[in-house]
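# Fold and geometry: a report
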Amino acid sequence: MGVSSEQFDHNTTSSSDHQIQSPPGSFKSSKPRSSVKQWISTQLALAGITINGSNPWDPQVHNDAIWPRILRHGSLGLGEAYVDGWWDCEQIDEFISRLIDAQLDKKVTGRWVTIRHWLAATVINRQSEKRAYQVGEQHYDAGNDLYQAMLDPTMAYSCGYWHQAKNLHQAQLNKLRLICEKAKLQKGESVLEIGCGWGSFAELAAKEYGVNVTGITISKEQKKLADERCKGLPVKIALQDYRSLDGQYDKLVSIGMFEHVGPKNYDTYMRTAHRLMKNDGIFVLHTIGNAKTSVGTDPWIDKYIFRNGVIPSLTQISEAVEPYFVIEDVHNFGPDYATTLMAWHDNFVAAWPSLKEQYSERFYRMWVYYLMVCAGAFRSRSLQLYQVVLRKRVDRLARYQSVR
């Protein structure tokens with residue numbers, strides 16, 4: 001999961017009330033901080049946000065050096081300033097959602113930071129096989145104690161399905177069973193899970209559906225815990241990149257991993273999946289989706305949370321799928337991710353007293369900011385959650401009937 005660099009400008013049409021105005025002195029402004037603060041304050045007012053206001057989404061600013069920092073570095077400067085303690089906000093999620101809805105990112109972009117990031121994503125394959133393990137080392141290996149405290153007992157680290165669910169655990173069980181039903185799992189089948197996390201799907205699918213699961217991950221900590229959770233079940237967990245896989249499987253599942261593939265590798269990913277799946281198989285792809293096509297990601301998220309991640313648009317998914325599979329079903333329940341993220345946030349905050357001996361106060365602020373910013377992005381509908389069902393283009397396959 002992650003926030004795309006393009007997510008904030010997904011609506012390109014603006015009303016007369018939201019005309020884009022140039023900031024004072026551009027990006028190398030020698031104007032006094034008060035001038036920059038006044039300009040930003042005017043823009044925030046368009047979103048119903050007041051600096052040091054009384055609403056829970058109003059930012060409380062402790063250091064006026066924040067204004068030129070935001071002007072120069074955009075979202076990277078805003079996030080780093082929060083981690084540094086330069087500002088606070090009771091409802092960061094609502095603050096971010098309002099920024100996105102009002103398209104304020106168009107006015108304060110941190111242009112050169114964004115351009116550098118875009119160039120890197122365009123020129124370099126940031127998700128190459130050699131670089132694939134970086135996000136595992138940076139994010140997923142942060143500590144199993146952290147994730148066990150934040151997640152529900154399934155240890156599912158992706159969007160829950162909140163249809164008729166009253167809590168996070170039920171939402172995650174709903175999601176896992178929904179994927180199993182969409183894949184139409186049958187006892188004894190072989191299932192490949194590309195990106196198995198801590199083994200939530202593998203454990204449930206093996207126990208409840210009687211299938212044999214091979215799961216791969218790029219995180220040593222995930223493999224360690226997944227092995228423990230799936231002990232005694234017909235499950236094999238491997239520390240492996242998807243590009244090095246061999247064999248054929250009855251069904252394929254990928255949950256919250258496609259965000260780490262990157263546009264330069266979409267074709268390789270789909271070609272590999274096609275090679276690994278039997279002709280009459282089913283592939284269920286569960287991924288965050290961007291409302292607008294992009295090749296990069298948000299600079300703050302990339303630097304501190306999901307190294308080398310890119311959120312695909314539905315257009316990018318469709319184009320990658322086209323040479324290899326038929327799209328049988330697309331299911332979007334993006335708003336459920338905002339609910340999931342807020343539940344993770346509440347769990348993390350509640351568990352902090354028992355975690356703070358292992359993690360710093362800066363880590364706490366970084367993690368809270370990450371969860372709340374992402375929740376705001378999903379609430380604004382600039383990010384989606386897609387479950388896409390794929391089958392090979394094979395004659396005489398029975399009609400596919402999806403479930404909800």
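The notes below deal with the structure included here. (Residues numbered from 1 in each chain as written. Predicted model: local features only at pLDDT ≥ 70, side-chain atom pairs only at ≥ 80, totals over all residues. Heavy atoms only, no water.)

Turning our attention to the packing of aromatic side chains. Throughout the structure, instances matching the rule amount to 26 aromatic pairs. With 6.1 Å between their ring centres and 70° between their planes, Tyr 147 and Trp 367 make a pair best called edge-to-face. Here Tyr 147, found in helix H6 (residues 144–150), pairs with Trp 367, found in helix H14 (residues 361–379); they are 220 residues apart in sequence, far enough to count as distant. Here Tyr 147 and Trp 367 have matching classes, each one buried. Members of the aromatic cluster, joined through ring pairs, are Tyr 147, Tyr 157, Trp 198, Phe 306, Tyr 337, Trp 344, Tyr 359, Phe 363, Trp 367, Tyr 370 and Phe 378. Of note, Arg 98 hangs over the ring of Trp 57, and the distance from its end group to the ring centre comes to 3.8 Å. Directly above the aromatic system of Tyr 400 lies the positively charged group of Lys 184, at a separation of 4.9 Å from the ring centroid. (Phe/Tyr/Trp six-rings, centres within 6.5 Å; stacked < 30°, edge-to-face > 60°. Helix = DSSP H or I, 4+ residues; strand = E, 2+ residues; numbered from the N terminus. Buried < 20%, exposed > 50% of the residue type's maximum accessible area, 1.4 Å probe, protein only. Lys NZ or Arg CZ within 6 Å of the ring centre and 35° of its normal.)

This brings us to the pattern of salt bridges. For the coordinates displayed, the defined rule picks out 18 salt bridges. Between Asp 84 and Arg 362 there is a salt bridge whose closest N-O contact spans 2.7 Å. Of this pair, Asp 84 sits in the loop between helix H2 (66–83) and strand E2 (87–88) while Arg 362 is found in helix H14, placing the two residues 278 residues apart along the sequence. Relative accessible area serves as the criterion here: at 32%, Asp 84 is assigned to the partly exposed category. (Salt bridge = Lys/Arg side-chain N within 4 Å of Asp/Glu carboxyl O.)

By the criterion of burial, strand E9 (residues 383–392) is predominantly enclosed, with 10 of the 10 residues buried. On E9, burial covers both faces: Leu 383, Leu 385, Gln 387, Val 389 and Arg 391 on one face and Gln 384, Tyr 386, Val 388, Leu 390 and Lys 392 on the other are all buried. Looking at chain direction, strand E7 (residues 277–290) and E9 are connected through 8 bridges and run antiparallel. Directly across from Leu 285, in E9, lies its bridge partner Val 388. (Pairing = 2+ DSSP bridges.)

Among the nonpolar cores identified, the biggest contains 76 residues, and Trp 87, Phe 95, Tyr 157, Phe 348, Trp 367 and Tyr 370 are the most heavily contacted of them. With 14 residues, the top contributor of residues to this core is H14. Once residues within four sequence positions are removed from consideration, Phe 348 is found in contact with Leu 146, Met 150, Leu 355, Phe 363, Tyr 364, Trp 367, Val 368 and Leu 371. (Core = buried A, V, L, I, M, F, W, Y, C linked by side-chain atoms within 4.5 Å. Contact = heavy atoms within 4.5 Å.)

A few words now on the sheet that holds strand E3 (residues 190–194). Strands sit in the order E5-E4-E3-E6-E7-E9-E8 across an open sheet of 7 strands; the sheet is mixed. Two strands close off the open sheet at either side, each with one partner strand: strand E5 (235–239) and strand E8 (325–332). Strand-to-strand, the axes of this sheet are offset by a mean angle of 15°, without reference to chain direction. The pairing of E8 with E9 spans 7 bridges and is antiparallel. Pairing of Val 330 across the sheet is with Val 388, part of E9. Helix H9 (residues 220–229) contacts strand E4 (212–217) and E5 of the sheet and is inclined by roughly 165° relative to E5. Along the sheet face, helix H12 (residues 314–321) touches E7, E8 and E9 and points at about 160° away from the line of E8. (Axes fitted to C-alpha atoms, helices over the stretch in contact; angles between N-to-C directions.)

The next point concerns H2. What sets the pattern is the α-helix's 3.6 residues per turn: residues three or four places apart point alike. A rise of 1.5 Å per residue sets the reference length of H2, with its 18 residues, at 26 Å; its end C-alpha atoms lie only 12 Å apart and thus fall more than 12% short of the reference. Of all the bends in H2, the greatest measures close to 140° and is centred on His 73. Count one or two residues on from H2 and you reach Gly 85, which has phi positive near 80°. (Expected span 1.5 Å × (residues − 1). Bend = angle between axes of the 7 residues up to and from the residue.)

What follows covers unusual backbone geometry. Backbone geometry places Gln 103, a non-glycine residue, at a positive phi of 60°. Here Gln 103 is to be found in the loop between helix H3 (92–101) and helix H4 (111–123). Residue class for Gln 103 comes out buried when judged on its relative accessible area of 10%.

What follows is about the packing of helix H7 (residues 168–182) against helix H8 (residues 200–209). For the pair H7 and H8, the least separation of the axes is 10 Å and the interaxial angle reads 65°. Considering only the axes of H7 and H8, their crossing is right-handed. Side by side, H7 and H8 meet where Leu 173, Leu 176, Arg 177, Ile 179, Cys 180 and Glu 181 of the first sit next to Ser 200, Phe 201, Leu 204, Ala 205, Glu 208 and Tyr 209 of the second. Across the contact of H7 with H8, the residue classes tally to 8 nonpolar, 1 polar and 3 charged. (Left-handed = near helix turned anticlockwise from the far one by under 90°. Nonpolar A, V, L, I, M, F, W, Y, C, P; charged D, E, K, R; others polar.)

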